Amino acid sequence: MSEVTAEGSVTELLAEVARLRAEVAATGRLARRAADRGEIENLFNRYMFLHNAFQDEEIIPLWVAPGTDGIRARYTNAGQYTTWESVTRYHRGRPAPEGKLILHATTTPVIEVAGDGETAKGVWIMAGTESGLTDPAVAEAFPDMYSPNEVQGKKVWAHWVWCKYAVDFLRQDGEWKIWKFRCYELARAPFEESWVSFGEKNQDAFDLDLMYFGDDGKPVFMPPADEPVPSATHPYSPITVQRLEPAPPVPHDTFTDTFA
C-alpha cells in the first residue's frame, strides 16, 4: 500500500468518525427532546388528575420553587398572580364537598421544548363537566347557573365546560416544573341549555374573581390579584369571531413570553 493510499484511508476514516460522532450527538439531542416532551405532558396530566380529585395541595410541588423569577398564573380577567405565595394560594384549602364532580379532560397538546433545553411551552384544549349541589338560598344569587330541578332539597349545578390552557415550563434541578399558567374559558352551559344562549348572558362571568363553589355550594372568591391583566379575554358569545388564542408554540431556541 502506498503512502498516498494510506493517508487517504486515514483521512476518510477520520471523516467518517467525525460524521458518526455528530450523528450520535444529534440523535442524543433528539432523544432528550422527545423525553422532555413526554415528561412535560405527564406533568400537566398529573396536574389535571389531581385537580379533578380535589387534591390541589399535591399540585403545589409541581410548580417551580419559591423565589423563582417570572412565576405567573392567570385564571380570569380579575387579575394575575406573580409570586409563588399568591400562585400556590389557589391550590390551598380547596374543599371536596359531597356531590361535587369536576372532570376536566385535556386534549390536543402542542408542546415545544426550547432548543437550549431549559424551557418549554405547551397548549391544551379541555372539555369537561362540573357539577354540585347548592343550598337554595345560596343559589338565588346566581339563578342562571342552575338546573330547574332539585336533588335532596338542593339546587343542581351541572355544567358542560370548555377551556384552553397555555403553560410555560422551566427545568429546575433536572426536573420540569410549571412556571407560567394561563386558563382561557372558551364556553360553558348548564346541562339543559345550549352554550349559544348561555354564552349571551355569561359574558361578564370571566371578569369576576369567583374561584369555585365550595361547601354547600357557597361561592369562594380568588385572593386579591398582584396586578391587573394586560388585556381581557372573554368566553364565546353569539356575536364574537373566534381567534387563534393562544397560538400554538413553534420551534424556538430560547424562551419568549408568548402567552402573556
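Whatever comes next refers back to the structure up there.
Residues numbered from 1 in each chain as written. Predicted model: local features only at pLDDT ≥ 70, side-chain atom pairs only at ≥ 80, totals over all residues. Heavy atoms only, no water.

A. Just the pattern of salt bridges, in detail. Inspection of the entire model under this criterion finds 14 salt bridges. Here aspartate 56 makes a salt bridge to arginine 94, at a shortest N to O gap of 4.0 Å. Within this pair, whereas aspartate 56 is found in the loop between helix H1 (3-52) and strand E1 (72-76), its partner arginine 94 is found in the loop between helix H2 (84-89) and strand E3 (101-113), the two being separated by 38 residues in sequence. In this structure, the salt-bridge partner of arginine 188 is glutamate 130, at a minimum N-O distance of 3.2 Å. Pair noted here: arginine 188 is in strand E7 (residues 175-190) and glutamate 130 is in strand E4 (residues 119-134), with a separation of 58 residues, a long-range link. In this structure, a network of salt bridges that share partners links the residues Arg32, Asp36, Glu39 and Arg171. (Salt bridge = Lys/Arg side-chain N within 4 Å of Asp/Glu carboxyl O. Helix = DSSP H or I, 4+ residues; strand = E, 2+ residues; numbered from the N terminus.)

B. Region of interest: unusual backbone geometry. Here the residue pair glutamate 245 and proline 246 is connected by a cis peptide bond, since its omega of 0 degrees sits within 30 degrees of zero. Along the chain, the position of proline 246 falls in the segment after strand E9 (219-221). Non-glycine residue phenylalanine 54 carries a positive phi angle of around 60 degrees. Owing to a relative accessible area of 13%, phenylalanine 54 belongs among the buried residues under this scheme. Residue aspartate 173 is not a glycine yet carries a positive backbone phi of 50 degrees. Tracing the backbone through its elements, the reader meets aspartate 173 in the loop between strand E6 (154-172) and E7. Taking relative accessible area as the criterion, aspartate 173 reaches 84% and is therefore assigned exposed. (Buried < 20%, exposed > 50% of the residue type's maximum accessible area, 1.4 Å probe, protein only.)

C. Structural detail: the nonpolar core. Among the nonpolar cores identified, the biggest contains 37 residues, and Phe44, Tyr47, Trp63, Tyr165, Phe169, Ile178 and Phe181 are the most heavily contacted of them. Counting only elements with at least two residues in this core, the list comes to H1, E1, H2, E3, E4, E6, E7 and strand E8 (210-213). Ranked by size, the runner-up nonpolar core spans seven residues in total, among them Met145, Trp157, Phe198 and Phe213. (Core = buried A, V, L, I, M, F, W, Y, C linked by side-chain atoms within 4.5 Å.)

D. Focus on the packing of aromatic side chains. With the rule as written, the count across this model stands at 14 aromatic pairs. Judged by centre distance (6.5 Å) and plane angle (40 degrees), the rings of phenylalanine 44 and phenylalanine 181 are tilted. In this pair, phenylalanine 44 sits in helix H1 while phenylalanine 181 sits in strand E7, placing the two residues 137 residues apart along the sequence. Like phenylalanine 44, the residue phenylalanine 181 is buried in the burial classification. (Phe/Tyr/Trp six-rings, centres within 6.5 Å; stacked < 30°, edge-to-face > 60°.)

E. Molecular detail of the side chain of threonine 134. Following the sequence through the fold, threonine 134 ends up in strand E4. Polar side-chain contacts of threonine 134 include one of 3.2 Å to the side chain of tyrosine 146. (Polar contact = N/O pair within 3.5 Å; in protein donor to acceptor, adjacent residues only side chain to side chain.)

F. Region of the structure containing the environment of histidine 234. Locating histidine 234 in the fold gives a position in the segment after E9. Overall, histidine 234 belongs to the partly exposed group, its relative accessible area being 40%. Residues within four places of histidine 234 in sequence aside, it is in contact with Asn77, Glu185, Gln203 and Asp207. (Contact = heavy atoms within 4.5 Å.)

G. Representation of the environment of threonine 240 within the structure. Mapped onto the secondary structure, threonine 240 falls in the segment after E9. Threonine 240 sits in the partly exposed class, given a relative accessible area of 38%. In this structure the side chain of threonine 240 is engaged in a polar contact, spanning 3.0 Å, whose partner is the backbone oxygen of serine 237.

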